[in-house]
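Understanding the architecture of this molecule
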Amino acid sequence: MNEVDYLSMISGARRDWRALCLKPCLRFLSLFYCAGVAVRNRLFDWGLKQPHSVDVPVISLGNLTTGGTGKTPLVAYLSQWFHSQGVPLALLSRGYRALPGEVNDEKLLLDRLCPEVPHYQNPDRCASATQAIAAGARLLILDDGFQHRRLARDLDIVLIDAVNPWGYDYLLPRGLLRESKSGLKRAGFVLLTRVDQCDAAALERLTTEVQRFVPKERIAQVRFCPQRLLNVAGETRELEEVVGKQVWGFCAIGNPEGFRQTIVDAGGQVCGMRVFADHHHYTEEELQKVGMQAERAGAELILTTAKDLVKISEQRLSGIPVWAVDIGAELVQGRAAFEEILQKTVESKVDH
(Lines give C-alpha, C1' and ligand atoms only; values in the text may rest on other atoms or scores of the structure.)
Protein backbone atom coordinates (compact mmCIF):
# COMPACT_ATOMS: atom_id res chain seq x y z
CA MET A 1 0.00 0.00 0.00
CA ASN A 2 1.43 3.39 -0.95
CA GLU A 3 1.31 6.45 1.29
CA VAL A 4 -1.57 8.08 -0.57
CA ASP A 5 -3.77 4.98 -0.19
CA TYR A 6 -2.77 4.71 3.46
CA LEU A 7 -3.81 8.29 4.19
CA SER A 8 -7.10 7.75 2.36
CA MET A 9 -7.78 4.74 4.51
CA ILE A 10 -6.99 6.17 7.95
CA SER A 11 -8.83 9.40 7.14
CA GLY A 12 -12.00 7.47 6.32
CA ALA A 13 -12.05 8.53 2.66
CA ARG A 14 -11.63 4.87 1.67
CA ARG A 15 -14.52 2.65 2.74
CA ASP A 16 -13.90 -0.49 0.71
CA TRP A 17 -13.72 -3.90 2.35
CA ARG A 18 -9.90 -3.84 2.53
CA ALA A 19 -9.96 -0.59 4.48
CA LEU A 20 -12.67 -1.88 6.79
CA CYS A 21 -10.60 -5.00 7.52
CA LEU A 22 -7.26 -3.22 7.90
CA LYS A 23 -8.30 -0.39 10.23
CA PRO A 24 -8.97 -2.66 13.26
CA CYS A 25 -5.57 -4.28 12.69
CA LEU A 26 -3.88 -0.88 12.62
CA ARG A 27 -5.77 0.11 15.75
CA PHE A 28 -4.42 -2.98 17.50
CA LEU A 29 -0.86 -2.14 16.41
CA SER A 30 -1.36 1.40 17.73
CA LEU A 31 -1.66 -0.05 21.24
CA PHE A 32 1.90 -1.40 21.04
CA TYR A 33 3.16 1.86 19.58
CA CYS A 34 1.43 3.80 22.37
CA ALA A 35 3.00 1.58 25.02
CA GLY A 36 6.48 2.02 23.54
CA VAL A 37 6.15 5.82 23.38
CA ALA A 38 4.79 5.98 26.93
CA VAL A 39 7.67 3.91 28.34
CA ARG A 40 10.27 6.01 26.54
CA ASN A 41 8.75 9.28 27.75
CA ARG A 42 8.51 8.03 31.33
CA LEU A 43 12.20 7.13 31.31
CA PHE A 44 13.02 10.76 30.50
CA ASP A 45 10.31 12.22 32.76
CA TRP A 46 11.53 10.23 35.77
CA GLY A 47 15.21 10.93 35.11
CA LEU A 48 16.10 7.34 34.30
CA LYS A 49 17.38 8.52 30.93
CA GLN A 50 19.36 11.75 30.92
CA PRO A 51 19.37 14.05 27.88
CA HIS A 52 22.68 15.35 26.56
CA SER A 53 23.13 19.01 27.55
CA VAL A 54 25.20 21.59 25.68
CA ASP A 55 26.46 25.05 26.63
CA VAL A 56 24.39 27.01 24.10
CA PRO A 57 20.60 27.44 23.89
CA VAL A 58 18.71 24.76 21.97
CA ILE A 59 15.30 25.50 20.48
CA SER A 60 13.34 22.53 19.20
CA LEU A 61 10.66 22.83 16.53
CA GLY A 62 8.41 19.78 16.23
CA ASN A 63 4.90 18.44 16.21
CA LEU A 64 2.60 15.75 17.58
CA THR A 65 1.77 14.30 14.17
CA THR A 66 3.83 13.03 11.26
CA GLY A 67 4.48 15.74 8.68
CA GLY A 68 2.24 18.32 7.15
CA THR A 69 2.25 21.10 9.77
CA GLY A 70 4.40 23.57 7.80
CA LYS A 71 7.58 23.07 9.75
CA THR A 72 10.05 24.05 7.00
CA PRO A 73 8.74 27.63 6.50
CA LEU A 74 8.87 28.13 10.27
CA VAL A 75 12.41 26.78 10.54
CA ALA A 76 13.28 29.39 7.90
CA TYR A 77 11.36 32.06 9.85
CA LEU A 78 13.28 31.29 13.06
CA SER A 79 16.62 31.13 11.27
CA GLN A 80 16.10 34.46 9.54
CA TRP A 81 14.81 36.10 12.73
CA PHE A 82 17.79 35.04 14.83
CA HIS A 83 20.23 35.86 12.04
CA SER A 84 18.77 39.38 11.91
CA GLN A 85 19.43 39.62 15.65
CA GLY A 86 23.11 38.85 15.05
CA VAL A 87 23.01 35.45 16.80
CA PRO A 88 25.36 32.85 15.25
CA LEU A 89 23.19 29.75 14.85
CA ALA A 90 23.04 26.35 13.20
CA LEU A 91 20.27 23.99 12.17
CA LEU A 92 20.27 20.35 13.22
CA SER A 93 18.12 17.77 11.45
CA ARG A 94 17.99 14.02 11.01
CA GLY A 95 18.06 13.96 7.20
CA TYR A 96 14.82 12.00 6.89
CA ARG A 97 14.50 10.06 3.61
CA ALA A 98 17.74 11.40 2.18
CA LEU A 99 19.32 9.24 -0.51
CA PRO A 100 22.58 7.49 0.51
CA GLY A 101 25.41 10.00 0.51
CA GLU A 102 23.07 12.93 -0.18
CA VAL A 103 20.96 15.41 1.76
CA ASN A 104 17.17 15.57 1.78
CA ASP A 105 14.81 18.09 0.22
CA GLU A 106 14.37 20.10 3.43
CA LYS A 107 18.09 20.86 3.65
CA LEU A 108 18.23 21.80 -0.04
CA LEU A 109 15.34 24.21 0.44
CA LEU A 110 16.64 25.67 3.72
CA ASP A 111 20.08 26.15 2.18
CA ARG A 112 18.37 28.31 -0.46
CA LEU A 113 16.21 30.21 2.01
CA CYS A 114 18.90 30.66 4.68
CA PRO A 115 22.27 30.39 2.90
CA GLU A 116 24.06 32.07 5.80
CA VAL A 117 22.95 29.43 8.36
CA PRO A 118 24.94 26.16 8.59
CA HIS A 119 22.75 23.06 8.46
CA TYR A 120 23.96 19.74 9.88
CA GLN A 121 22.14 16.54 8.92
CA ASN A 122 22.88 13.49 11.02
CA PRO A 123 20.63 10.96 12.79
CA ASP A 124 22.89 11.51 15.83
CA ARG A 125 21.92 15.08 16.62
CA CYS A 126 24.02 15.13 19.78
CA ALA A 127 27.08 14.63 17.58
CA SER A 128 25.82 17.35 15.23
CA ALA A 129 25.38 19.72 18.17
CA THR A 130 29.00 19.22 19.25
CA GLN A 131 30.17 19.79 15.67
CA ALA A 132 28.09 22.95 15.25
CA ILE A 133 29.26 24.48 18.53
CA ALA A 134 32.89 23.77 17.66
CA ALA A 135 32.30 25.65 14.39
CA GLY A 136 31.08 28.72 16.28
CA ALA A 137 27.31 28.30 16.68
CA ARG A 138 25.87 30.01 19.76
CA LEU A 139 22.29 28.81 19.19
CA LEU A 140 21.00 25.51 17.86
CA ILE A 141 17.63 24.99 16.18
CA LEU A 142 16.60 21.37 16.34
CA ASP A 143 14.34 20.51 13.40
CA ASP A 144 11.62 17.94 14.13
CA GLY A 145 12.90 17.49 17.65
CA PHE A 146 9.87 17.20 19.94
CA GLN A 147 10.14 13.40 20.21
CA HIS A 148 13.94 13.43 19.95
CA ARG A 149 14.64 13.86 23.65
CA ARG A 150 18.29 12.75 23.67
CA LEU A 151 19.41 16.35 23.14
CA ALA A 152 18.33 18.68 25.95
CA ARG A 153 16.54 21.82 24.83
CA ASP A 154 15.73 25.17 26.39
CA LEU A 155 12.49 25.68 24.45
CA ASP A 156 10.11 23.22 22.81
CA ILE A 157 7.96 24.79 20.09
CA VAL A 158 5.16 22.54 18.87
CA LEU A 159 3.27 23.07 15.60
CA ILE A 160 -0.34 21.97 15.27
CA ASP A 161 -2.12 22.05 11.91
CA ALA A 162 -5.49 23.68 12.56
CA VAL A 163 -7.04 21.80 9.62
CA ASN A 164 -6.10 18.32 10.91
CA PRO A 165 -4.74 18.89 14.42
CA TRP A 166 -4.84 15.40 15.87
CA GLY A 167 -3.93 13.17 12.93
CA TYR A 168 -7.36 11.52 12.62
CA ASP A 169 -7.46 11.03 16.42
CA TYR A 170 -5.30 7.91 16.60
CA LEU A 171 -1.66 7.14 17.23
CA LEU A 172 0.46 5.54 14.52
CA PRO A 173 -0.20 3.47 12.52
CA ARG A 174 -4.00 3.82 12.83
CA GLY A 175 -3.64 7.62 12.76
CA LEU A 176 -0.84 10.15 12.43
CA LEU A 177 -0.20 11.00 16.09
CA ARG A 178 3.33 10.33 17.28
CA GLU A 179 2.21 10.60 20.88
CA SER A 180 -0.91 11.52 22.80
CA LYS A 181 -2.16 15.09 23.20
CA SER A 182 -0.91 15.11 26.79
CA GLY A 183 2.61 15.37 25.37
CA LEU A 184 1.84 19.07 24.88
CA LYS A 185 2.58 19.51 28.59
CA ARG A 186 6.26 19.53 27.58
CA ALA A 187 5.72 22.37 25.10
CA GLY A 188 7.03 25.83 25.89
CA PHE A 189 5.06 27.38 23.04
CA VAL A 190 2.44 26.16 20.54
CA LEU A 191 1.96 27.51 17.03
CA LEU A 192 -1.39 26.78 15.39
CA THR A 193 -0.70 26.70 11.65
CA ARG A 194 -2.94 27.14 8.59
CA VAL A 195 -5.45 29.06 10.70
CA ASP A 196 -6.70 30.83 7.56
CA GLN A 197 -7.90 27.46 6.20
CA CYS A 198 -9.92 26.69 9.34
CA ASP A 199 -13.32 28.17 10.21
CA ALA A 200 -13.59 30.39 13.30
CA ALA A 201 -15.64 27.94 15.37
CA ALA A 202 -13.27 25.03 14.77
CA LEU A 203 -10.26 27.25 15.55
CA GLU A 204 -11.84 28.35 18.82
CA ARG A 205 -12.51 24.72 19.81
CA LEU A 206 -8.94 23.77 18.97
CA THR A 207 -7.52 26.69 20.99
CA THR A 208 -9.64 25.71 23.98
CA GLU A 209 -8.42 22.11 23.75
CA VAL A 210 -4.77 23.14 23.51
CA GLN A 211 -5.23 25.39 26.57
CA ARG A 212 -5.78 22.24 28.63
CA PHE A 213 -2.02 21.73 28.35
CA VAL A 214 -0.49 25.12 27.45
CA PRO A 215 -1.37 28.60 28.81
CA LYS A 216 -3.20 30.91 26.42
CA GLU A 217 -0.30 33.38 26.36
CA ARG A 218 1.95 30.60 24.99
CA ILE A 219 -0.21 29.98 21.90
CA ALA A 220 0.13 31.87 18.60
CA GLN A 221 -1.50 31.57 15.19
CA VAL A 222 0.26 31.21 11.85
CA ARG A 223 -0.79 31.32 8.23
CA PHE A 224 1.32 30.46 5.21
CA CYS A 225 1.32 33.10 2.50
CA PRO A 226 2.17 32.46 -1.14
CA GLN A 227 4.80 35.08 -1.98
CA ARG A 228 5.90 34.50 -5.57
CA LEU A 229 6.60 31.91 -8.24
CA LEU A 230 10.09 30.60 -8.95
CA ASN A 231 11.62 28.01 -11.27
CA VAL A 232 14.77 25.91 -11.39
CA ALA A 233 16.61 28.62 -13.33
CA GLY A 234 16.14 30.99 -10.41
CA GLU A 235 13.65 33.17 -12.27
CA THR A 236 10.72 34.62 -10.38
CA ARG A 237 7.21 35.71 -11.33
CA GLU A 238 4.41 37.48 -9.51
CA LEU A 239 1.52 35.38 -8.20
CA GLU A 240 -0.80 37.15 -10.63
CA GLU A 241 0.57 34.75 -13.28
CA VAL A 242 -1.62 32.04 -11.71
CA VAL A 243 -4.92 33.94 -11.68
CA GLY A 244 -7.50 32.34 -13.95
CA LYS A 245 -5.05 29.75 -15.32
CA GLN A 246 -5.69 26.03 -15.65
CA VAL A 247 -3.15 24.53 -13.22
CA TRP A 248 -1.91 20.98 -12.77
CA GLY A 249 -0.27 20.45 -9.40
CA PHE A 250 2.14 17.82 -8.10
CA CYS A 251 3.87 17.48 -4.76
CA ALA A 252 5.46 15.10 -2.27
CA ILE A 253 4.67 16.75 1.05
CA GLY A 254 2.88 15.81 4.25
CA ASN A 255 -0.23 17.90 3.53
CA PRO A 256 -1.04 17.83 -0.20
CA GLU A 257 -4.52 19.26 0.36
CA GLY A 258 -2.90 22.33 1.89
CA PHE A 259 -0.95 22.80 -1.37
CA ARG A 260 -4.12 22.41 -3.43
CA GLN A 261 -5.72 25.13 -1.32
CA THR A 262 -2.69 27.36 -1.88
CA ILE A 263 -3.21 27.10 -5.66
CA VAL A 264 -6.89 27.96 -5.26
CA ASP A 265 -6.09 30.90 -2.96
CA ALA A 266 -3.65 32.21 -5.57
CA GLY A 267 -6.47 32.28 -8.12
CA GLY A 268 -5.61 29.13 -10.10
CA GLN A 269 -8.14 26.63 -11.46
CA VAL A 270 -6.93 23.17 -10.40
CA CYS A 271 -7.52 20.87 -13.37
CA GLY A 272 -5.73 17.94 -11.74
CA MET A 273 -3.12 16.96 -9.19
CA ARG A 274 -0.61 14.15 -8.69
CA VAL A 275 0.36 13.36 -5.11
CA PHE A 276 3.50 11.41 -4.17
CA ALA A 277 4.67 10.13 -0.79
CA ASP A 278 6.28 12.72 1.51
CA HIS A 279 9.94 13.41 0.59
CA HIS A 280 9.61 11.32 -2.60
CA HIS A 281 12.55 11.41 -5.03
CA TYR A 282 11.25 11.84 -8.57
CA THR A 283 12.33 9.71 -11.49
CA GLU A 284 12.49 11.02 -15.04
CA GLU A 285 9.65 8.70 -16.00
CA GLU A 286 7.40 10.03 -13.21
CA LEU A 287 8.00 13.62 -14.24
CA GLN A 288 7.28 12.81 -17.88
CA LYS A 289 4.00 11.23 -16.78
CA VAL A 290 3.13 14.37 -14.79
CA GLY A 291 3.70 16.40 -17.94
CA MET A 292 1.53 14.12 -20.07
CA GLN A 293 -1.28 14.17 -17.50
CA ALA A 294 -1.13 17.96 -17.34
CA GLU A 295 -1.18 18.23 -21.13
CA ARG A 296 -4.21 15.96 -21.41
CA ALA A 297 -6.02 18.03 -18.76
CA GLY A 298 -5.42 21.24 -20.71
CA ALA A 299 -3.11 22.77 -18.08
CA GLU A 300 -1.47 26.11 -18.82
CA LEU A 301 0.86 25.90 -15.80
CA ILE A 302 2.35 23.10 -13.73
CA LEU A 303 2.84 24.10 -10.11
CA THR A 304 4.71 22.35 -7.34
CA THR A 305 6.12 23.30 -3.93
CA ALA A 306 9.47 24.93 -3.26
CA LYS A 307 10.50 21.78 -1.38
CA ASP A 308 9.79 19.68 -4.48
CA LEU A 309 11.42 22.12 -6.89
CA VAL A 310 14.88 21.52 -5.40
CA LYS A 311 14.62 17.86 -6.49
CA ILE A 312 13.93 18.46 -10.19
CA SER A 313 15.79 20.13 -13.06
CA GLU A 314 13.03 20.65 -15.62
CA GLN A 315 11.70 24.10 -16.53
CA ARG A 316 8.99 22.54 -18.69
CA LEU A 317 7.14 19.25 -18.83
CA SER A 318 5.38 18.38 -22.09
CA GLY A 319 6.02 21.99 -23.07
CA ILE A 320 4.16 23.38 -20.05
CA PRO A 321 6.07 25.79 -17.74
CA VAL A 322 6.90 24.36 -14.30
CA TRP A 323 6.92 26.78 -11.37
CA ALA A 324 6.97 26.46 -7.61
CA VAL A 325 4.96 28.52 -5.17
CA ASP A 326 7.28 30.14 -2.63
CA ILE A 327 5.62 30.17 0.79
CA GLY A 328 6.36 32.37 3.81
CA ALA A 329 5.14 32.06 7.41
CA GLU A 330 3.22 34.94 8.98
CA LEU A 331 2.24 35.12 12.64
CA VAL A 332 -1.24 36.63 12.65
CA GLN A 333 -1.78 36.45 16.41
CA GLY A 334 0.63 36.17 19.35
CA ARG A 335 3.74 37.40 17.53
CA ALA A 336 4.94 39.67 20.35
CA ALA A 337 4.68 36.89 22.94
CA PHE A 338 6.44 34.45 20.63
CA GLU A 339 9.35 36.76 19.88
CA GLU A 340 9.65 37.62 23.58
CA ILE A 341 10.11 33.98 24.56
CA LEU A 342 12.63 33.50 21.73
CA GLN A 343 14.65 36.45 23.03
CA LYS A 344 14.51 35.23 26.63
CA THR A 345 15.63 31.76 25.56
CA VAL A 346 18.71 33.13 23.85
CA GLU A 347 19.55 35.50 26.70
CA SER A 348 19.44 32.63 29.18
CA LYS A 349 22.81 31.37 27.89
CA VAL A 350 24.17 33.75 25.28
CA ASP A 351 26.29 36.73 26.34
CA HIS A 352 25.73 39.88 24.29
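Every chain is numbered on its own, with residues counted from 1 as its sequence reads. Local features in a predicted model are, by the rule used here, given only for residues with pLDDT of at least 70; side-chain atom pairs are given and counted only at 80 or more, and totals for whole chains, interfaces and linings are based on all residues. For side-chain calculations, the full set of non-hydrogen atoms in the structure is used, while hydrogens and water are omitted.

As annotated in an unreviewed UniProt entry, the protein carries the name Tetraacyldisaccharide 4'-kinase and comes from Gimesia panareensis. Of the protein, the UniProt comment under Sequence similarities (unreviewed entry) reads exactly: "Belongs to the LpxK family." UniProt positions are given in the numbering used here, feature names are shortened, and annotations may be inferred rather than shown by experiment. Taken verbatim from the UniProt record of the protein, the Catalytic activity (unreviewed entry) comment is "a lipid A disaccharide + ATP = a lipid IVA + ADP + H(+)".

With that settled, consider the overall build of the protein. The helix and strand tally for the protein stands at ten helices and 13 strands. Here the globule rule reads 2.2 Å times residues to the power 0.38, and the radius of gyration is calculated from C-alpha atoms. For 352 residues, the compact-globule estimate of 2.2 N^0.38 gives 20 Å, and the C-alpha radius of gyration of the protein, at 21 Å, lies within 12% of that figure. Viewed in the frame of its principal axes, the protein has a C-alpha envelope of about 60 × 50 × 45 Å. Three labels apply to residues, based on accessible area from a 1.4 Å probe with only protein chains included: buried if under 20% of the type maximum, exposed if over 50%, partly exposed otherwise in between. Here the protein, with 352 residues, has 51% of them falling under the buried criterion. Only heavy atoms enter the contact rule, under which two residues are in contact if any of them lie within 4.5 Å. Within the protein, residue pairs in contact and separated by at least 24 positions form 75% of the contacts whose partners lie at least 6 positions apart. Under the convention used here, a 1.4 Å probe and the Shrake-Rupley method define accessible areas, while residue burial counts only the protein chains that appear. Accessible surface, the protein: about 16,300 Å² in total, of which carbon and sulfur atoms supply 50%. Note that His is not counted, nor are the chain ends; the positive residues are Lys and Arg, and the negative ones are Asp and Glu. One atom stands in for each charge, and that atom is NZ of Lys, CZ of Arg, CG of Asp or CD of Glu. Here the protein contributes 42 positively and 43 negatively charged side chains, and the mean placements of these two sets differ by 7 Å. Only DSSP runs of H or I reaching four residues or more are called helices, and only runs of E reaching two or more are called strands; each is numbered from the N terminus.

Judged by side-chain polarity, Phe28, Leu29, Leu31 and Phe32 come together as a nonpolar surface patch covering roughly 430 Å² of accessible area. Here Leu29 lies in helix α2 (residues 17-45). Exposure above 30% relative accessible area and no salt bridge define the residues that can form patches, which grow by joining like charges within 9 Å and nonpolar side chains of Val, Leu, Ile, Met, Phe, Trp and Tyr within 5 Å. We define a salt bridge as a side-chain nitrogen of Lys or Arg found within 4 Å of a carboxyl oxygen belonging to Asp or Glu.

Below, the discussion takes up the packing of helix α3 (residues 71-84) against helix α10 (residues 335-347). To describe two helices that pack against each other, one gives the angle between their axes and the distance between the axes. Close contact between α3 and α10 brings their axes to 12 Å; oriented N to C, the two are set at 60 degrees. Once α3 is placed against α10, the crossing between them reads as right-handed. Contacts between α3 and α10 involve Tyr77, Leu78, Trp81 and Phe82 from the first element and Arg335, Phe338, Glu339, Leu342, Gln343 and Val346 from the second. Charged residues are taken to be Asp, Glu, Lys and Arg, nonpolar residues to be Ala, Val, Leu, Ile, Met, Phe, Trp, Tyr, Cys and Pro, and polar residues to be all remaining types, Gly included. Looking at the contact of α3 with α10 residue by residue, the classes come out as seven nonpolar, one polar and two charged. Each axis is a line fitted through C-alpha atoms, and for a helix only the stretch in contact is used; angles between axes span 0 to 180 degrees, taken between their N-to-C directions. Helix crossings are classified by the rotation of the near helix relative to the far one: an anticlockwise turn of less than a right angle makes the crossing left-handed, while a clockwise turn makes it right-handed.

One finds Leu74, Leu78, Phe82, Ile157, Leu191, Phe338 and Leu342 to be the most contacted residues of the largest nonpolar core, which totals 31 residues. For this core, the element with the highest residue contribution is α3, accounting for seven residues. Among all residues touching Leu78, those that are not within four sequence positions of it are Leu61, Ile141, Ile157, Phe338 and Leu342. Only buried residues count toward a nonpolar core, which is a set of Ala, Val, Leu, Ile, Met, Phe, Trp, Tyr and Cys residues joined through side-chain atoms within 4.5 Å. Core analysis: the second largest hydrophobic core is formed by 20 residues, Phe146, Ile160, Phe213 and Ile219 among them.

Sites flagged by UniProt as "binding site: ATP" (unreviewed entry) map to Thr65, Thr66, Gly67, Gly68, Thr69, Gly70, Lys71 and Thr72. By the secondary structure assignment, Gly67 is in the loop between β1 (58-63) and α3. If we skip the residues at most four places from it in the chain, Gly67 touches Arg178 and Gly254. Relative to the helices and strands, Thr69 is located in the loop between β1 and α3. Here Thr69 is in contact with Asn63, Leu159, Asp161, Thr193, Arg194 and Phe224, once residues within four sequence places are set aside. Among the polar contacts listed, one links the side chain of Thr69 to the side chain of Asn63, at a separation of 3.0 Å. Two N or O atoms form a polar contact when they lie within 3.5 Å of each other; inside protein one atom must be a possible hydrogen donor and the other a possible acceptor, and for residues adjacent in sequence the pair counts only when both atoms belong to side chains.

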